[in-house]
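# Working through the structure, step by step
Read off the chains here:
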Amino acid sequence: MWSSGVRALGEEGMAKPCGPAEGPFAEHPMSDLIPHLNREAIHHGAEIALLHDLWAPTKH
């Protein structure tokens, strides 16, 4: 769904400002926000996986 949504933006949508809902990215184009969100998802996903791995051995 994420990839489809990004592709659906097209060049025009990627060039539009993100808007006030995106805080410090408000004036930045969507093409700046999308890689940032990808990095954040990867980063936090890795943290969750690490915590899972650290806690899994203590559950038994």
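Heads up: the structure comes first, above all this text.
Cut-offs and rules
- Residues numbered from 1 in each chain as written.
- Predicted model: local features only at pLDDT ≥ 70, side-chain atom pairs only at ≥ 80, totals over all residues.
- Heavy atoms only, no water.
- Axes fitted to C-alpha atoms, helices over the stretch in contact; angles between N-to-C directions.
- Helix = DSSP H or I, 4+ residues; strand = E, 2+ residues; numbered from the N terminus.
- Parallel < 35°, antiparallel > 145°, perpendicular 65-115°, else oblique.
- Contact = heavy atoms within 4.5 Å.
- Nonpolar A, V, L, I, M, F, W, Y, C, P; charged D, E, K, R; others polar.

Attention now moves to the packing of helix α1 (residues 2–15) against helix α2 (residues 30–55). Axis separation between α1 and α2 bottoms out at 10 Å; the angle between their running directions is 155 degrees. Relative to α2, α1 is oriented roughly antiparallel. Between α1, through Trp2, Val6, Leu9, Gly13 and Met14, and α2, the contact on the second element is made entirely by Met30, Ser31, Ile34, Leu37 and Asn38. Of the residues in the contact of α1 with α2, the class split is seven nonpolar, three polar and no charged.

All right, on to the environment of Met30 then. Here Met30 is to be found in helix α2. For the pair Met30 and Ala56, spaced 26 residues apart in the sequence, the C-alpha separation amounts to 38 Å. Among residues more than four places away in sequence, those in contact with Met30 are Leu9, Gly13, Met14, Lys16 and Cys18.

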